[in-house]
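Here's the letter readout for the chains.
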Amino acid sequence: MNLKNGDINAIIYFKNILSNLMEDEEIAIVTVPPHTAGESSGIQKLAKYLVRDSKNYIDAIRCLERFKTVPKSSQNLGSRNEHTHLDSIRMSNSSLVKDKNVILLDDIITTGSSTNACRKIIYEMGAKEVKIVCLGKTIRQVEYAHRLVEEKFQEELQILDFEHHTKTEEIEMIFDCETSNIEQDDEDRWLEEIYKLESSRRCNLDNISGWISCAEIHLGECAEEAHKALDGEDYLTPINPFLKVFADLE
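Structural notes, computed from the coordinates. Not measured: the values here are computed from a predicted model.

Here we take up the side chain of His146. Topologically, His146 is positioned in helix α5 (residues 142-180). Since its relative accessible area comes to 13%, His146 is described here as buried. Sequence-distant contacts of His146, defined by excluding residues within four places in its chain, comprise His227, Leu230 and Asp231.

And the structure:
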């Protein structure tokens, strides 16, 4: 199976989250089945990589199956309640989850009805504990979310600008203090000391400017990733500083 960049980011995201969830020796990995009966999904493919990568994970990826097609919640068609999903999903092999800790994976949560229905079925089959992990949550006010990301981006730029200004002032103050303390009894020695301090000052200022410049570039890349994630073109990586904007919109 060939992996795209978005798939790799998703696997890294899942690994980071899952590593902090449960420490049981046997953890069953289950996925929410697609809305169309008999179909496979991208989340099942990603789950395969996760299971293959860890000896502690049990492959229960397809133990929940959709035997009756239901409309997607995002299409705003039909009923979205848990009953609809409970009537269209069944457990094919309960032994995979019985007396086990279970992590239920989904790609996007819109109303939460399908994941809640799946969790209920898994508990009914004898699971000890079920935790849900998803890649994202549907945000209805996409334009508002884009604006929040941009506002946060500008705030972070202002913080960097303030830090740049503060560090620069601090370096200048230290330079002024050090130069004023040099004795001027020997002009040649005095000029040599001033030259050394001036070189150090410029080097420090350049280092600060370089660091701020790199931080601004990284911040811009993260903001661009956030905008792409909102438009459904990419995944948001777990280390993205704009992740909190997404959490605030849940």
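From this point on, the discussion continues.
Glancing now at the environment of Phe242. Tracing the sequence through the fold places Phe242 in the loop between α6 (187-230) and α7 (243-248). The spacing of Phe242 and Val149 is 93 residues in sequence and 6.7 Å in space, taken between C-alpha atoms. In this structure, Phe242 is in contact with Val149, Lys152, Phe153, Leu219, Cys222, Ala223 and Ala226, ignoring residues within four places of it in sequence.

Tallied over the full model, the rule gives 10 salt bridges. A salt bridge links Glu192 to Lys196; its shortest N-O distance comes to 3.7 Å. Here the residue Glu192 and the residue Lys196 both occupy positions in helix α6, the gap between them amounting to four residues, near one helical turn. On the accessibility criterion, Glu192 (45% relative accessible area) is partly exposed.

Taken across its five residues, strand β1 (residues 27-31) has five buried, putting it largely inside the fold. Of the two faces of β1, the one carrying Ile27, Ile29 and Thr31 and the one carrying Ala28 and Val30 are both buried. Here three bridges tie β1 to strand β2 (residues 57-59), and the two strands are oriented parallel to one another. Bridge pairing links Ile27 to Tyr57 in β2. Tracing the backbone out of β1, into helix α2 (residues 42-53) and back to the parallel element β2 gives a crossover that is right-handed. Bridge analysis of β1 against strand β5 (residues 101-109) gives five bridges, and the strand direction is parallel. For Ala28, the partnering residue across the bridge sits in β5 and is Val102.

Rules behind the numbers
- Here, residues in each chain are numbered from 1, in the same order as that chain's written sequence.
- This being a predicted model, a pLDDT of at least 70 is required before a residue's local features are given, and a value of 80 or more before pairs of side-chain atoms are given or counted; all residues contribute to the totals for chains, interfaces and linings.
- Heavy atoms throughout the structure, all of them, feed into the side-chain values; hydrogens and water do not.
- Here a strand is any run of E in DSSP of at least two residues, a helix any run of H or I of at least four, and the numbering for each starts at the N terminus.
- Each residue is placed in one exposure class: buried if its accessible area under a 1.4 Å probe, protein chains only, is under 20% of its type's maximum, exposed if it is over 50%, and partly exposed if it falls in between.
- Residues are treated as being in contact if the distance between any of their heavy atoms lies within 4.5 Å.
- In what follows, salt bridge is the name for a side-chain nitrogen of Lys or Arg lying within 4 Å of a carboxyl oxygen of Asp or Glu.
- Strand pairing is assigned whenever DSSP detects at least two bridges linking the two strands.
- Looking down the strands as they point away from the viewer, one classifies a crossover as right-handed if the path from the first strand across the helix to the second runs clockwise.

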